[in-house]
Amino acid sequence: MSSPEHAPTPPIRERSRRRSWARVLLPVALILVWLVGAGLGGPLFGKVDEVSSNDQTSYLPESADATQVQKLLGAFTDSDAIPAIAVFVSDGELSESDLQTISDAVADAPSTEGVSADVSPALTSDDGRAVQAFIPIEGDAELADAVDALGAQLREAAPAGVTVYVTGPAGFSADLVAGFAGIDGLLLGVALLAVLVILVLVYRSFLLPLVVLSTSLFALCVALLVVWWLAKFEVLLLSGQTQGILFILVIGAATDYALLFVARFREELRVMQDKGAAVLAAWKGSVEPIAASGGTVIAGLLCLLLSDLKSNSTLGPVAAIGIVFAMLAALTLLPALLLLFGRAVFWPRRPAFEPEVVAEEHGMRTTGLWARLSHLITRRPRVIWVATTLVLVAGAAGVLQLNASGVPQSDLVLGSSEARDGQVALGEHFPGGSGSPVYVIVAEEDLQDAADVLLADDGIDGVTVAASDSPSGSAPVTADGLQAVGPPGTAAPEPTVVAGDVLVQGTLADAADSNAAAATVRELRTSLDDLEALVGGVTATAVDTNDASIHDRNLIIPVILVVIMVILMLLLRSVLAPVLLIITTVLSFGTAMGVSALVFNGVFDFPGADPAVPLYGFVFLVALGIDYNIFLMTRVREESLAHGTREGVLRGLSITGGVITSAGLVLAATFAALSVIPILFLAQLAFIVAFGVLLDTFVVRSLLVPALAYDLGRVIWWPSKLWRSGRD
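Below, the structure is looked at part by part.

Calculation rules
- Per chain, residues are indexed from 1 in the order of the written sequence.
- Owing to the predicted nature of the model, reporting of local features is limited to residues with pLDDT of at least 70; listing and counting of side-chain atom pairs is limited to 80 or more, with chain, interface and lining totals taken over all residues.
- With hydrogens and water stripped out, all remaining heavy atoms of the structure feed into the side-chain values.
- Segments assigned H or I by DSSP are reported as helices when at least four residues long, segments assigned E as strands when at least two residues long, and all are numbered from the N terminus.
- Two residues qualify as a contact provided that any one of their heavy atoms is within 4.5 Å of a heavy atom in the partner residue.
- Residue burial considers only the protein chains on display, and all accessible areas are found by Shrake-Rupley using a 1.4 Å probe.
- Note: two strands are recorded as paired if DSSP finds a minimum of 2 bridges between them.
- Throughout, an axis means a line fitted to C-alpha atoms (over the contacting stretch in the case of helices), and angles, computed between N-to-C directions, take values from 0 to 180 degrees.
- Put simply, two rings from Phe, Tyr or Trp (the six-membered ring, in Trp's case) pair if the centres are within 6.5 Å, and we call them stacked under 30 degrees between planes, edge-to-face over 60, tilted for the rest.
- Burial status follows relative accessibility: with a 1.4 Å probe on protein chains alone, a residue under 20% of its type maximum counts as buried, one over 50% as exposed, and anything between as partly exposed.
- By definition, being over a ring means that NZ of Lys or CZ of Arg is both within 6 Å of the ring centre and within 35 degrees of the ring normal.
- In these notes the angle categories are as follows: under 35 degrees is roughly parallel, over 145 is roughly antiparallel, 65 to 115 is roughly perpendicular, and the rest is oblique.
- The crossing is said to be left-handed when, going from far helix to near helix, the turn is anticlockwise and less than a right angle, and right-handed when the turn is clockwise.
- Throughout this entry, Asp, Glu, Lys and Arg are counted as charged residues, while Ala, Val, Leu, Ile, Met, Phe, Trp, Tyr, Cys and Pro are counted as nonpolar. The remaining residues, Gly among them, count as polar.
- By convention in these notes, a salt bridge is any Lys or Arg side-chain nitrogen within 4 Å of a carboxyl oxygen on Asp or Glu.
- Every patch collects residues that have over 30% relative accessible area and no salt bridge, joining them within 9 Å if they carry like charges and within 5 Å if they are nonpolar side chains (Val, Leu, Ile, Met, Phe, Trp, Tyr).
- In this description, a nonpolar core means a group of buried Ala, Val, Leu, Ile, Met, Phe, Trp, Tyr and Cys residues linked to one another through side-chain atoms lying within 4.5 Å.
- Charge convention: Lys and Arg are scored as positive, Asp and Glu as negative, and His as well as the terminal groups of each chain are ignored.
- In plain terms, the charge of a residue is placed at NZ if it is Lys, CZ if Arg, CG if Asp and CD if Glu.
- A helix is expected to reach a length of 1.5 Å times the quantity of its residues less one.

Next up on the list: the overall build of the chain. What the chain contains, in helices and strands, is 23 helices and nine strands. For the chain, the proportion of contacts with a sequence separation of at least 24, taken over those separated by at least 6, is 81%. Split by element, the accessible area of the chain, about 30,300 Å² in all, is 59% carbon and sulfur.

Taken in spatial order, the four strands of this open sheet run β2-β3-β1-β4, and their pairing is antiparallel. The open sheet has two free edges, formed respectively by β2 (123-124) and β4 (162-167), since each of these has just one partner strand. Where helix α5 (residues 168-180) meets the sheet, it contacts β1 (82-90), β3 (130-137) and β4, and its direction lies at approximately 100° from that of β1.

On to the packing of aromatic side chains. For the structure on display, the rule yields 15 aromatic pairs. Taking 5.1 Å as the distance between ring centres and 90° as the angle between the ring planes, the aromatic pair formed by Y616 and F681 counts as edge-to-face. Of this pair, Y616 sits in helix α20 (residues 612-643) while F681 sits in helix α22 (residues 680-712); the two residues are 65 residues apart in sequence, bridging distant segments of the chain. Of the two residues examined, Y616 and F681, each falls in the buried class. Here the aromatic cluster, defined as three or more aromatic residues joined through ring pairs, consists of F600, F604, F606, F687 and F691. Between the NZ or CZ atom of R646 and the centre of the ring of Y710, over which it lies, the distance is 5.6 Å.

For the pair helix α19 (residues 576-602) and α20, the least separation of the axes is 9 Å and the interaxial angle reads 135°. The angle between α19 and α20 falls in the class oblique. Crossing of α19 over α20 shows right-handed handedness. Taking contact as the criterion, the partners of L581, I582, T584, T585, F589, A592 and M593 in α19 are, on α20, P614, G617, F618, L621, V622, I626, N629 and M633. Here the residues of the contact of α19 with α20 are counted per class, giving eleven nonpolar, four polar and no charged.

Opposite charge on two side chains allows them to pair when their charged atoms are near. Here the structure, examined in full by the defined rule, presents ten salt bridges. The salt bridge involving E638 is made with R264; its shortest N-O contact spans 3.2 Å. Of this pair, E638 sits in helix α20 while R264 is found in helix α8 (residues 240-271), placing the two residues 374 residues apart along the sequence. Among the residues examined, R264 registers a relative accessible area of 13% and is labelled buried. In this structure, R635 engages E267 in a salt bridge whose closest nitrogen and oxygen atoms are separated by 3.0 Å. Separated by 368 residues along the polypeptide, R635 in helix α20 and E267 in helix α8 bring together distant segments of the chain. On the accessibility criterion, R635 (9% relative accessible area) is buried. Taking the relative accessible area as the measure of exposure, E267 reaches 28% and is therefore partly exposed.

On the surface, V28, L32, L35, L340 and F341 cluster together into a nonpolar patch covering about 410 Å² of accessible area. When residues of the nonpolar patch are traced back to their parent elements, those giving at least two are α1 (11-41) and α11 (315-341). Broken down by element, the nonpolar patch gets its largest block of residues, three residues, from α1. Residue position: L340 is located in helix α11.

Nonpolar side chains in soluble globular proteins generally cluster together in the buried interior. Among the nonpolar cores identified, the biggest contains 160 residues, and Y257, L301, I323, Y616, F620, M633 and F671 are the most heavily contacted of them. With residues up to four places along the chain from it excluded, the contact list for F671 reads I248, L249, F620, L624, A686, V689 and A690. Grouped together as the second largest cluster of nonpolar side chains are 28 residues, V115, A141, L143 and L154 included.

A separate point is a negative patch on the surface. A surface patch of like charges, here negative, comprises D49, E50, D80, E113, E138, D140, E142, D145 and D148. Residue placement: E50 occurs in the loop between α1 and α2 (65-76).

Here S436 is to be found in the loop between α15 (418-429) and β5 (438-443). You can call S436 buried: its relative accessible area is 9%.

For the rest of this paragraph, the subject is helix α3 (residues 96-107). For α3, which comprises twelve residues, the first-to-last C-alpha distance of 16 Å matches the rise-based estimate of 16 Å (1.5 Å per residue) to within 8%. On its buried face, α3 sits against β1, β2, β3 and α4 (143-157).

The subject of this paragraph is the packing of helix α14 (residues 381-396) against α22. Packing of α14 against α22 brings their axes to within 8 Å, and their N-to-C directions diverge by 140°. Classified by the angle between their axes, α14 and α22 sit oblique to one another. Our pair here, α14 against α22, has a crossing hand that is left-handed. Of α22, the residues touching α14 (which contributes P381, R382, I384, W385, T388, T389 and L392) are L695, V699, V700, L703, L704, A707, L708, Y710 and D711. Of the residues in the contact of α14 with α22, the class split is twelve nonpolar, two polar and two charged.

This part is about the pairing of β3. With respect to burial, β3 is a largely interior element, seven of its eight residues being buried. Sheet topology note: the β1/β3 ladder contains eight bridges and is antiparallel. Counted as the bridge partner of I85 is F134 from β3. Note: β2 against β3, two bridges, orientation antiparallel. Counterpart to L123 in the pairing with β3 is Q132. The antiparallel hairpin formed by β2 and β3 contains five residues in its connecting segment, where G128 sits at a positive phi of about 75°.

Residue P348 is bonded to the preceding W347 through a cis peptide linkage, with omega at 10°. Along the chain, P348 falls in the loop between α11 and α12 (355-361). Cis geometry marks the peptide bond from W718 to P719, where omega comes out at 0°. Here P719 is to be found in the loop between α22 and α23 (721-725). The residue E234 is not glycine, and still its phi comes out positive at about 60°. Along the polypeptide, E234 turns up in the loop between α7 (207-232) and α8. Taking relative accessible area as the criterion, E234 reaches 73% and is therefore assigned exposed. Positive phi outside glycine occurs at E532, with the angle close to 55°. Looking at where E532 falls in the secondary structure, it is placed in the loop between α17 (515-527) and β9 (534-537).

In short, the description is geometric, and any link to function would need to be established separately.
Rendered as structure tokens:
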């Protein structure tokens, strides 16, 4: 017989001890896993530029003329340098001494780090008041640093009274690089600070906001780790624009999902003494709406894979990866942290264990804003949803004022721009398209016909045949007014011939990023169609990009609507409710775009918008906007099963009102943070999404949807079982 001191532990006590250990070890293990992931991903914030590119041509479809020309240019020249144009401008006519000083400064430009030795001689304008020189920047140089250093060197060497600008493709690219420079620090800091302030005001707690922000930040670090390595191995294309959207989307979505979970946890703590049981109950109550919400956003984002533009098609998987880790963090890391802290996470406003009070409330708030709003909806549901709809329709009418046909490259960066000022100065003294020519690749036997087409076009100021370091031996082309010349000041070269094709350059009479230059490129493509010539260059790239964006917008928006509607039908087990939710969300999007158009034109005086702006606005507003309807309607359905549809609507609104409003404020604040990056596209997207989310949160989800659902009653669940057997 065993002695008492060696008696086996009773099974119940042993199981209890195991559960206690599991309750400690599981959250600690989850937290450690996320810590390791964040530790690996965190250092990559300052290294994203190593795997990203802002070159527009690399994002075009393979079939685009500009893409094909860009690839073929490598066969005509062994240089991957980016051309910069140095412009020297004086108020009066430049003297011989001034011109010599400028020529010496240009000749000495290659001494600047990152500047190619292939510098053209200085060319004086007809009025004698300006000089231009083509100074390529080496392809592997730090572009922004090289352009800044070149400008500083030229200004120091320039004669007194002469203003120096560095413009051209290199100048504008350097502006973009500088504009995106604040993404890793400024953007992330502003977004996190905005979220922290909102969380502190909402919860009046010190620890909870830190827990929620930690969840969001860890999700972003791990998402960045995965995206960085995929971009490193060229599985994905990453740009500054995509990077900024990824940061904001993950912070906003992870915080929204965390708020939903925290709200459910707080509810359970009021009726459960044990924090572990409360976490488990909160997880069970949150997993379906979070999974449905995240799945809807992911499905909408992956529709971007249908895009012709790689900048769109790669955003889809990049952002989808971010949403996946936002969901995982909210459903693993956050519960682990809440399990460790328990009620203390809400200090100093810890939720009390008060099941009797909850029973008296019947699960509904009887005082406060949402109680009053619920009472208003019971009295005038039809008046509310009809009036709200009319207001939204009126706002949507402003979309007719939206100009989303594209903007000049010089307007992509907000604020001051040396490259933009230089282009203006260049256009005052030289042909506007100097330095950004139209490239035409044509068969050798069609060279003369192609040249005649270019020379006959009023949008072309001059035609040259590109010089070659290793001429093919063909005779220079000099017939019918076509003069084969190289860079200004050089002798006539032989035409570059590669595999039977010839490269011809046309100098545009108008600025390369102007509408007139775009029209010239389109005319040339039409006129050269019989010769099967390829037309490329900076202007052609912009034309092809805008055309691809319009195609994507018209294709992807309907596809996203269908995909999201199918998901909602599966989630709500209904046909009518998803259709109505989609209609209200689209109406909200239309109003957001209409108001944005009026603000862009009348307040900010923007020059227009990229064709991708409405597409991105639609993806984020519809995919994210439907989130709040999912949060609301899944809870309404849950309550309707027990209490009937109309009471279920009131209960769902009362229970979710506070958390959804907080989530909307957080998401709007995070997207508004995009406006700190001085890029026109991001500033416009920031306003559209921030305004649209607030509109959806305070009007559509708080008034329109509940009033409409209350007015319809159980018919909203048609043709599900809840419609057939439920009650109004």
